Amino acid sequence: MAGSYFPRWRERTDGVAAGVIAPDERLPWPQMGAMGLQHVVAMFGSTVLAPLLMGFDPNLAIFMSGIGTLLFFVIVGGRVPSYLGSSFAFIGLVIAVSGYAGPGLNTNIGVALGGIIACGVVYTLIGFLVMAIGTGWIERYMPPVVTGAVVAVIGLNLAPIAVKSVTANPFDAWMALATVLCVGAVAVFTRGMVQRLLILIGLLLAYVLYAVLTNGAGLGKPIDFSTVANAAWLGMPSFTSPVFRLEAMALIAPVAVILVAENLGHIKAVSAMTGQNLDRYMGRAFVGDGIATVVSGSVGGTGLTTYAENIGVMAVTRIYSTLVFAIAACFAILLGFSPKFGAIILTIPTAVLGGVSIVVFGLIAVSGARIWVENRVDFSDNRNLIVAAVTLVLGAGDFTLNIGGFALGGIGTATFGAIILNALLTRK
């Protein structure tokens with residue numbers, strides 16, 4: 001019905017052979033279910049990896065990614081095809097404010113949750129502002145040279161965390177490199193959906209190799225499967241209450257700027273793929289992501305963001321139906337009710353996790369450079385050169401500013417430094 005809040009999702013019985021399945025269309029329900037499962041698999045690797053690196057409960061993160069995606073779906077009126085998963089932008093700052101040294105669950109997670117909620121509130125307010133005046137001001141102050149540098153900095157800032165986690169002993173160091181090779185082999189020597197799931201499948205291969213070398217051959221620390229055997233098949237997720245401390249909130253809240261830049265790029269990419277201008281839903285998308293982050297942080301989940309992994313699946317399948325993401329969210333929620341599933345995730349060895357982290361953080365850094373290439377950023381312009389150069393060093397070197405009673409870490413100083421430098425050096 002014209003003017004209705006949600007689309008009517010006209011069924012296409014001709015399948016994908018006829019071309020693109022638009023956001024307001026759908027396939028028959030069995031095919032929709034299969035596509036929903038595929039999107040769960042696509043987001044799984046990163047949505048689980050991020051909470052593991054911060055000491056969060058990965059099972060709860062999966063559960064809240066489903067809840068967050070449904071919230072986003074309702075707030076955008078089913079108009080923007082996107083899945084919300086764990087954001088990597090929070091990792092460095094969460095580790096800093098909580099003092100997490102890993103592995104295992106973060107015992108000081110409450111302080112980080114207060115900061116994540118503060119970030120979600122700021123993100124939501126930015127969304128309301130965009131709904132009122134549009135996105136022009138964001139694009140003006142965060143052009144590709146800025147957003148590319150900020151995204152690259154996230155990967156570079158996290159790199160020391162990944163490297164330190166796997167250099168405690170020689171076996172872990174070699175196993176981390178073997179994990180990198182497993183992921184690389186899947187990325188280069190496979191095709192189709194297997195290649196799209198390079199992180200997940202590479203991790204599984206490395207996990208099996210680690211188990212053979214430790215539990216089988218007696219090398220290194222063996223995997224303890226007793227927690228998996230003792231875990232129940234069904235049960236409620238384990239929730240955690242936030243703790244609100246001003247210094248932690250002030251440190252993590254600026255991550256909202258990074259999420260805005262990330263989400264802006266993702267929605268524009270989806271607009272280009274679908275041939276539909278989704279700019280009018282940009283503000284609602286920010287609000288949806290912000291509220292989802294607040295809700296997730298309120299019960300112990302990670303901060304959320306729209307996922308490039310699922311955008312990649314859409315690019316391959318050319319199925320953009322927003323209903324697919326509501327179905328994927330329901331599958332994720334069901335997984336969240338299985339403690340045994342969560343126990344299996346927690347058995348992933350530090351060496352394997354560290355090896356995957358090296359790849360993922362490197363991919364994040366390179367994706368920043370990709371933004372520069374795709375937008376043809378001109379580095380013969382000294383303004384672009386200075387903005388990018390200073391931002392990268394501030395973030396990679398973890399340049400910290402003490403402001404009053406709190407410290408602004410490398411990602412924060414790099415983000416604000418890029419925005420301010422670009423503004424100051426832009427000629428009228």
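The structure displayed is predicted, hence computed values, not measured ones.

**A look at the overall build of the chain**
Helix and strand counts for the chain stand at 19 helices and six strands. In summary, the chain has a C-alpha radius of gyration of 21 Å against a globular reference of 22 Å for 428 residues, a match within 12%. Counting only residues that meet the buried cut, the chain has 55% of its 428 residues in that class. Once local pairs closer than 6 in sequence are excluded, the contacts in the chain between residues at least 24 apart make up 79%. Of the roughly 18,100 Å² of accessible surface on the chain, 68% is carried by carbon and sulfur atoms. For the chain, the distance from the average position of its 21 positive side-chain charges to the average position of its 17 negative side-chain charges is 5 Å.

**Overview of the side chain of threonine 415**
Considering the arrangement of structural elements, one finds threonine 415 in helix H19 (residues 410-425). Note on threonine 415: relative accessible area 3%, which makes it buried. Apart from the residues within four sequence positions on either side, threonine 415 is in contact with Val150, Val257 and Ile258.

**A look at the environment of leucine 246**
Inspection of the secondary structure assignment puts leucine 246 in helix H11 (residues 246-252). Looking at leucine 246, the relative accessible area reads 67%, which means it is exposed. Placed 22 residues apart in sequence, leucine 246 and aspartate 224 show a C-alpha to C-alpha distance of 39 Å.

**Concerning the confidence of the model for the chain**
Considering every residue of the chain, the mean pLDDT works out to 85; 95% of them sit at 70 or more. Predicted confidence in the chain is weakest over strand S6 (residues 406-408), with a mean pLDDT of 63, and strongest over helix H13 (residues 282-299), with 96.

**Here we look at the nonpolar core**
Counting 105 residues, the largest nonpolar core has Phe88, Phe90, Ile91, Phe286 and Phe361 as its most contacted members. Per element, the largest residue contribution to this core is ten residues, and it comes from helix H12 (residues 255-274). Excluding its chain neighbours within four sequence positions, the residues that come into contact with phenylalanine 361 are Leu53, Phe88, Ile91, Gly155, Leu158, Ala159 and Ala162. Listed in part, the eleven residues of the second largest apolar core include Ile21, Phe73, Val324 and Ile327.

**Considering the pattern of salt bridges**
Applying the stated criterion to the full structure yields four salt bridges. Across the salt bridge formed by glutamate 25 and arginine 10, the nearest N and O atoms sit 2.5 Å from each other. On the criterion of sequence distance, the pair formed by glutamate 25 in strand S2 (residues 25-26) and arginine 10 in strand S1 (residues 10-11) is long-range, its members being 15 residues apart. Judged by its relative accessible area of 8%, glutamate 25 falls in the buried class. According to the relative accessible area criterion, arginine 10 is exposed, its value standing at 52%. For arginine 26, the salt bridge identified is with glutamate 11, shortest N-O distance 3.3 Å. Placement of the pair is arginine 26 in strand S2 and glutamate 11 in strand S1, with a sequence separation of 15 residues. Judged by relative accessible area, arginine 26 falls into the buried class, the value being 12%. What makes glutamate 11 partly exposed here is its relative accessible area of 37%. Through salt bridges that share partners, Arg10, Arg12 and Glu25 make up one connected network.

**Let's talk about the packing of helix H2 (residues 58-75) against H13**
For the pair H2 and H13, the least separation of the axes is 8 Å and the interaxial angle reads 150°. What the angle tells us is that H2 and H13 run roughly antiparallel. When you trace H2 past H13, the crossing you get is right-handed. Mapping the contact onto sequence places Leu60, Met64, Gly68, Leu71, Phe72 and Ile75 in H2 and Arg284, Ala285, Val287, Gly288, Asp289, Ile291, Ala292, Val295, Ser296 and Val299 in H13. A class-by-class count of the residues in the contact of H2 with H13 yields eleven nonpolar, three polar and two charged.

**Some points on a nonpolar patch on the surface**
Judged by side-chain polarity, Ile386, Val390, Phe416, Ile420, Leu424 and Leu425 come together as a nonpolar surface patch covering roughly 510 Å² of accessible area. Of all the elements in the fold, those that place two or more residues in the nonpolar patch are helix H18 (382-396) and H19. Of the residues forming the nonpolar patch, the biggest block, four residues, is contributed by H19. If you trace the backbone, leucine 425 turns up in helix H19.

**Considering the packing of aromatic side chains**
If you walk through the whole model with that rule in mind, you get nine aromatic pairs. Where phenylalanine 63 meets phenylalanine 337, the ring centres are 5.2 Å apart and the plane angle is 80°; that geometry is what we call edge-to-face. Taken as a pair, phenylalanine 63 in helix H2 and phenylalanine 337 in the loop between helix H15 (323-336) and helix H16 (339-346) lie far apart in primary sequence, 274 residues in all. On the accessibility criterion, phenylalanine 337 (26% relative accessible area) is partly exposed. By the ring-pair criterion, three or more aromatic residues cluster together here, those being Tyr5, Phe6, Trp9 and Phe73.

**Focus: the packing of H2 against H16**
For the pair H2 and H16, interaxial distance at closest approach is 8 Å and the crossing angle is 125°. The pairing of H2 with H16 is recorded here as oblique in orientation. Every residue of H16 that contacts H2 at Pro58, Asn59 and Ile62 is listed here: Pro339, Phe341, Gly342, Ile345 and Leu346. For the contact of H2 with H16, a count of residues per class yields six nonpolar, two polar and no charged.

About the criteria used
Residues numbered from 1 in each chain as written. Predicted model: local features only at pLDDT ≥ 70, side-chain atom pairs only at ≥ 80, totals over all residues. Heavy atoms only, no water. Helix = DSSP H or I, 4+ residues; strand = E, 2+ residues; numbered from the N terminus. Rg over C-alpha atoms; globule rule 2.2 N^0.38 Å. Buried < 20%, exposed > 50% of the residue type's maximum accessible area, 1.4 Å probe, protein only. Contact = heavy atoms within 4.5 Å. Areas by Shrake-Rupley, 256 points an atom, 1.4 Å probe, with all protein chains shown as cover. Lys, Arg positive; Asp, Glu negative; His and termini not counted. Charge placed at Lys NZ, Arg CZ, Asp CG, Glu CD. pLDDT = per-residue confidence, 0-100. Core = buried A, V, L, I, M, F, W, Y, C linked by side-chain atoms within 4.5 Å. Salt bridge = Lys/Arg side-chain N within 4 Å of Asp/Glu carboxyl O. Axes fitted to C-alpha atoms, helices over the stretch in contact; angles between N-to-C directions. Parallel < 35°, antiparallel > 145°, perpendicular 65-115°, else oblique. Left-handed = near helix turned anticlockwise from the far one by under 90°. Nonpolar A, V, L, I, M, F, W, Y, C, P; charged D, E, K, R; others polar. Patch = residues over 30% accessible without salt bridge, like charges linked within 9 Å, V, L, I, M, F, W, Y side chains within 5 Å. Phe/Tyr/Trp six-rings, centres within 6.5 Å; stacked < 30°, edge-to-face > 60°.

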